[in-house]
Each structure stands twice: as structure tokens, then as C-alpha cells.
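# Topology and contacts: notes
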There are 2 protein chains.
Amino acid sequence: MQTRIAIIGYGNIGQAVEQAVLAAEDLQLAGIFHHNDNLDNIDADVAALCTPTREVPAYAERLLQRGICTVDSFDIHGQIGDLRARLTPVATAHGAVSIIAAGWDPGSDSVVRALLTAIAPKGLTYTNFGPGRSMGHTVAAKAIPGVKNALSMTIPLGTGIHRRMVYIELEEGADFHEVERLLLADDYFAHDETHVVAVPSVDALNNVAHGVHLERHGVSGSTHNQRFEFNMSINNPALTGQVLAACARAAVRLRDQQRFGAYTMIEIPPVSLLPGDAERWVRELV
Amino acid sequence: MQTRIAIIGYGNIGQAVEQAVLAAEDLQLAGIFHHNDNLDNIDADVAALCTPTREVPAYAERLLQRGICTVDSFDIHGQIGDLRARLTPVATAHGAVSIIAAGWDPGSDSVVRALLTAIAPKGLTYTNFGPGRSMGHTVAAKAIPGVKNALSMTIPLGTGIHRRMVYIELEEGADFHEVERLLLADDYFAHDETHVVAVPSVDALNNVAHGVHLERHGVSGSTHNQRFEFNMSINNPALTGQVLAACARAAVRLRDQQRFGAYTMIEIPPVSLLPGDAERWVRELV
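These remarks concern the structure in this document. Position numbers for residues count from 1 along each chain, tracking the sequence in the order it is written. Chains and ligands are labelled by the order in which they are written, letters from A for the one and numbers from 1 for the other. The predicted origin of the model limits local features to residues at a pLDDT of at least 70 and limits the giving and counting of side-chain atom pairs to 80 or more, whereas totals for whole chains, interfaces and linings rest on all residues. Calculation of side-chain values draws on the structure's entire complement of heavy atoms; hydrogens and water are dropped beforehand.

## Here we look at the pattern of salt bridges
Residue and element names in this part refer to chain A. To be explicit about the condition: Here, a salt bridge means any Lys or Arg side-chain nitrogen found within 4 Å of an Asp or Glu carboxyl oxygen. Secondary structure elements follow DSSP: runs of H or I no shorter than four residues count as helices, runs of E no shorter than two count as strands, and numbering proceeds from the N terminus. Only protein chains enter the accessibility calculation, which uses a 1.4 Å probe. A residue is then buried if its area is under 20% of the maximum for its type, exposed if over 50%, and partly exposed in between.
By the definition in use, this model includes 28 salt bridges over all chains. Taking the shortest distance from any N to any O, the salt bridge between D45 and R255 comes out at 3.6 Å. Residue D45 is found in the loop between β2 (27–33) and β3 (46–49), and its partner R255 is found in helix α7 (residues 236–256); the two are separated by 210 residues along the sequence. Residue classification places D45 among the buried positions, given a relative accessible area of 17%. K148 is paired through a salt bridge with E169; the nearest N and O atoms lie 3.9 Å apart. With K148 in strand β8 (residues 147–156) and E169 in strand β9 (residues 162–170), this pair connects stretches of sequence that are 21 residues apart. K148 sits in the exposed class, given a relative accessible area of 55%. Classification of E169 by relative accessible area gives buried; the value is 14%.

In C-alpha cells form, the structure reads like this:
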């Protein structure tokens, strides 16, 4: 029995979900819906929401109301708890499951943070991102008047502190210093060390590589100096798409167990992300 | 409402569980039972089994039959699936939950392996242990005739290959070369590069530090070269004791949700290892 997945939005992430679905024997593509397509005819177990992050809540609500499970990589950290609270009653009322914030951060990194907090309850965790393109900061930079195209790179400086390297292609006649002033005053950039660099072509710099260096130093019981780190060097949309495909599988499983509601990845069993019977994975991975 | 934990067995691990329980506000010690104590008067939500690993299955069965949840760090990788199959019907019949193989490997490392397999489904995972003392190999070395005391250190050589450095204190009159010959022929050592070193005092070498370097190189969707690593440098019994305490909390939660049975750590939500409401952790960690 295959899980039927519809893809909503067909940018980088939507295309990556498609590749992950095609590579998995237990998953089946149930249609690709471009942004603004009519969704009335959608017929799927679960929809992977690959729209801009701000449109996720409305899409999720609409689909859950029709009993279709949803997965998304909603990535505004401060609003995830609110999104969960908003979608929980909708999913519950319509016999569906939504797995939210299912990318790599938030997402798989969140699972690592939860695990490390459980096994060393006192201590500090630092999540260091990059080097890699920040989608949110890139969009914010592109919105500055006078900017034709932009790329905001996140550079890890350690202990959770980051530098922003913002490469901009100016519109004809735009003044670099005025653009720089507006950008540095933008709330996205005002709190970090930010450097603005004018370049002839942003397209020539693009690269979807990204990474993380997550560290925890903590205390287990009464024993200090327990040290942990998690590192990744990855293709960003490919990883996000794969996480969404794995969570689509998990969402349908939770629905079939009648455990309706909205969940983040720290609230679901890791084995539910994997195809087939849990017993196989217990014997293979534990 | 506190979770009441009894500790069965009071060696390194039992003492570490005690420290983890004392450090957690939501956990309460419900007694410490030495090996071979009478368990008839045990009154607890959950028992942490800190006995030698081979005695775990019988203790778990006895306690589950009385409706007491159990957690253990059973560590014979090839037998975990069978232990789960054996304890599942017992726990289910008596309204209890058992979380098995709950240490760091098997245990928290298993969670990392499951997560990485889900987010990069094709590829290779290497788990490199150490440097640190292997309990199983140390016990095997101590059992060789002529060995008064022993310490078997695991040295990681990469790609999951390990060297065994075995430090032995000889009994008076024992012949080193005969002891070495017997040890190298033992099934515990026959498959790895093993070096035997005679020392005047094994006690002078003892150190409970351990570590892991876990790597996965894999494919997400159709994208290759996704690279992940997880490293730890830890006090071994302290970490195991903390994992057991966290899993004791999770076991009682699953019991309260009437999800009776036997589970490994890859089958339980990571947030269930943490104290208090999931919502707090969603807002803090996701």
C-alpha cells in the first residue's frame, strides 16, 4: 500500500520532494500543483506544502479541513508553537495529521537538539549555520529598493553567532551606499555583523550547499563535561525535500493510528520516518 | 506528579541513574535494590534495570508481570529484536511499558542512525567507537585463565573498524604468551586487530571516558554527497544513567497513554524523554 503525496508549489523544494518520492518504493506521486492552481480536485493522502513559508498556514488549514494530511517546512522559529496550536484543532476535527516545521532547521536539527537536551539536561547548545544561503535573508535583501538580485550567505562564527555576507546586483542607476544603508537598517540584518558587496552577477554565485555545526556541552546526572556535536554538509533543497517526503509517510501512519493533530518532528517516533515495519529497523539500526 | 523510579542493581550504572533522578525535579527515587535483593516489596512506576546485561530479560519479565514499567540498557545488538518480541506480549498483557536497549549505543546513537537513514535513505553509516573501555570485551578478557584483572580499550580506526588494546594484570605464575594466545582465540577478539599488553596494575589505567564518531554519507532524493557526522566525548556510566532516567519518564508517559508494549528508543518521540509539556519544548527547541 503506497502513500499518495501531492506536491503544492514547484520551486526548488517541490522539485526535491518529487525526487524523494520517485526514489521511495512506498511513496507515490498524486499530482503536482503549482502555486495558485485550483486545489479542489486534489486526491491524495498527504500534501507536501512547498509554497513560500508565509502561505503555509492557510494552505494547511484548507487541506486539513478536507481531511488531507499535510507536511510543511514552515521555518519562522518564533511562530512554530502558534502554528501548531492553530492547526491542532483543525486536523483533529477532520481526522487528519499535520507535521509542521519539517525541514532540517527547524526539523532534523530540532530532533538532535531534543535528544541532546534529554541526555545532558543541563548545559548550552549552540547551532551554527552555514556557510550557505539563507532563503529568508536573501528574500529580505531582494526587497530593498534598488536591488535587482541578491544572495545572503550565512557564515558561522561559533557559539551561535553568524556573519551575513550579502551579495547584491544593483538596478541601473541605484546608489550602492543608499541600498547598503537601507539593508543594514532592515530588521533581518540589524542584529548581525553584515557586509554588503556589489557584484555584476548574483546568478554566477548561486550554490545550494549549506551546513550546520551543532554543539552541546552539558551535564548528565551530576557529571559535567559531556560533549556532543552534530555536523552536516548538504544540498539544502534536496535535504528539505527528503525530510518532507519522510514526514509525509509519518503523517499518514499517525492518521491511520487515529492520532490526529499537528506535530513537530520532536513529537514523532524517528522510526515512523522510515519505510516498512519498525521491527526491521530495530534489528538493523538499534 | 512525580515519576517514581526504583533502581535494580547498584554498580556504576545504578549509581549514575540515582544521580540523574536526584537532578530531575519530576523524578523521584522509589528505592535502590541491590542485585539479588528481594523485589517483592518494590513499589514504583518504573524500574531501571542496572544489572549485568544477560540478566535483564528475566528481571524485565518479572517486573512487567507485576505491572511495573521497565527501562534497561541491554546492549547485545544482535538480540535486541528478540528481546523486544519477548517483552511486548508481557508488557501488553499487564498494562505496562518497557523501553529496551536504552543507553548510548544501542540507544541515543540508534536515534541518530534512524534520523540520518530517513533524511539520506541511501548510503553508508559508520559507527566508530572510542577511545574508551568496552565492558563486554573487558569481561571477556577477565574470564581468560591466568588473568587477574583486565581492561579492554576500543580504538576507532575509521569506517567502523576498531583496534582492541587489552591491558592485563597476570595472576602469579601465569604465562603471558599462553594468556595472550587464549585471549586472541576468544570469539570476542578473534575478528579485530588486538594487542595484549601486560601491566603491573590495571586499576591505575581505569577511566570511564568514552566516545563515538558516527558518520553517514548518503543520498537525499536523487542528490548525492550529503554528509553527516555525530561526535561525543563522554563519561560512559553518567550518560547511560541519564538515558535510562529519561527513558523511565517516557515509559510512564506511554503507559499513561495506554500504549502498552516494548519499545526501543527509535520508536518513541524524542520529546517524551524531556520533562514537562511538549509545547514548552516545541517553542524552545524546534
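Now that the structure has been shown, the text picks up again.
## Overview of unusual backbone geometry
With an omega of 0 degrees, the peptide bond running from G130 of chain A to P131 of chain A counts as cis. Secondary-structure assignment places P131 of chain A in the loop between β6 (122–129) and β7 (132–133). P106 of chain B follows D105 of chain B through a cis peptide bond whose omega is 5 degrees. Note that P106 of chain B resides in the loop between β5 (97–99) and α4 (108–119). Look at A101 of chain A: it is not a glycine, yet its phi comes out positive at around 55 degrees. You can see A101 of chain A is positioned in the loop between β5 (97–99) and α4 (108–119). Among the residues examined, A101 of chain A registers a relative accessible area of 1% and is labelled buried. A positive phi is found at Q258 of chain A, a non-glycine position, where the angle reads about 60 degrees. Topologically, Q258 of chain A is positioned in the loop between α7 and β13 (261–263). We classify Q258 of chain A as exposed; its relative accessible area is 60%.

## Observations regarding the sheet that holds strand β9 (residues 162–170) of chain B
Residue and element names in this part refer to chain B. How we decide: By the convention used here, strands pair only if DSSP detects at least 2 bridges between them. Residue contacts are counted whenever heavy atoms from the two residues lie within 4.5 Å of one another. Only the stretch in contact is used when a helix axis is fitted, and all axes are lines through C-alpha atoms; the angle between N-to-C directions ranges over 0 to 180 degrees.
Pairing within the open sheet is mixed, and its 4 strands lie in the order β7-β8-β9-β10. Looking at strand neighbours, the two that pair on one side only are β7 (132–133) and β10 (193–198), the edges of this open sheet. Relative to β9, strand β8 (residues 147–156) is paired through 9 bridges, and the arrangement is antiparallel. Bridging across to β9, M153 finds its partner in M165. Across the face of the sheet, helix α6 (residues 176–185) comes into contact with β8, β9 and β10 while running at roughly 155 degrees to β10.

## Here we look at the relation of the copies chain A and chain B
For clarity, the cut-off: Least-squares fitting of one copy onto the other uses the C-alpha atoms of those residues that reach a pLDDT of at least 70 in both copies.
Superposing chain A onto chain B requires a rotation of 180 degrees together with a translation of 0.0 Å along the rotation axis, leaving an RMSD of 0.1 Å. Seen this way, the second copy is the image of the first under a two-fold rotation axis. Most of the interface of chain A is mirrored in chain B, where 100% of its interface residues are also at the interface.

## As for the packing of helix α8 (residues 278–285) of chain A against helix α3 (residues 80–93) of chain B
Threshold: Angles are sorted into four bins: roughly parallel if under 35 degrees, roughly antiparallel if over 145, roughly perpendicular if 65 to 115, and oblique for all others. Here the term charged refers only to Asp, Glu, Lys and Arg, the term nonpolar to Ala, Val, Leu, Ile, Met, Phe, Trp, Tyr, Cys and Pro, and the term polar to all other amino acids, Gly among them.
Here α8 of chain A crosses α3 of chain B at 140 degrees, and the two axes come no closer than 8 Å. In terms of orientation, α8 of chain A and α3 of chain B fall into the oblique class. Only I80, G81, D82 and R84 of chain B of α3 of chain B make contact with α8 of chain A, whose side of the interface consists of A278, E279, V282 and R283 of chain A. Of the residues assigned to the contact of α8 of chain A with α3 of chain B, the class counts are 3 nonpolar, 1 polar and 4 charged.

## Comments concerning α4 of chain B
Residue and element names in this part refer to chain B. What counts is decided by this rule: For a helix, the expected span equals 1.5 Å multiplied by the residue count minus one.
With 12 residues, α4 ought to run about 16 Å at 1.5 Å a step, and its terminal C-alpha atoms sit 17 Å apart, in line with that. With 12 of 12 residues buried, α4 lies mostly within the body of the structure. Restricting attention to buried positions, one finds in α4 the residues S108, D109, S110, V111, V112, R113, A114, L115, L116, T117, A118 and I119.

## Some thoughts on the side chain of S110 of chain B
By secondary structure assignment, the location of S110 of chain B is in helix α4. S110 of chain B has contacts with L285 and V286 of chain A together with W104 and I266 of chain B, leaving out every residue within four places of it along the chain.

## Considerations on the interface of chain A and chain B
So the rule is basically this: By convention, the term buried area covers the 1.4 Å-probe accessible surface removed from two parts as they join, with the contributions of both added. For the purposes of these results, a polar contact is taken to be a pair of N or O atoms within 3.5 Å, where, inside protein, one atom must be able to donate a hydrogen and its partner to accept one; residues adjacent in sequence count only when each atom of the pair is a side-chain atom.
Between chain A and chain B, the residue contacts involve 62 residues of the former and 62 residues of the latter. Between chain A and chain B lies a buried interface of about 5,200 Å² when both sides are counted; carbon and sulfur atoms form 65% of it. In this structure, the salt-bridge partner of D82 of chain A is R283 of chain B, at a minimum N-O distance of 3.1 Å. Here chain A is connected to chain B by 18 residue pairs in polar contact (both at pLDDT 80 or more). Every element with two or more residues in the side of chain A that touches chain B is listed here: α1 (12–22), α3 (80–93), α4, β12 (223–235), α7 and α8 of chain A. No other element matches β12 of chain A, which puts 12 residues into the side of chain A that touches chain B. Across 7 bridges, β12 of chain A lies against strand β12 (residues 223–235) of chain B in antiparallel orientation. Within the sheet, the bridge partner assigned to S233 of chain A lies in β12 of chain B and is R227 of chain B.

## Digging into the packing of aromatic side chains
Put simply, the rule is: Only centres within 6.5 Å qualify two rings of Phe, Tyr or Trp (six-membered ring in Trp) as a pair; their planes then separate them into stacked at under 30 degrees, edge-to-face at over 60, and tilted for everything else. Over a ring means this: the NZ of a Lys or the CZ of an Arg is within 6 Å of the ring centre and within 35 degrees of the ring normal.
Per the counting criterion, the structure on display carries 2 aromatic pairs over all chains. Stacked on the ring of W281 of chain A, the Lys or Arg R280 of chain A has its end atom at 3.8 Å from the ring centre.

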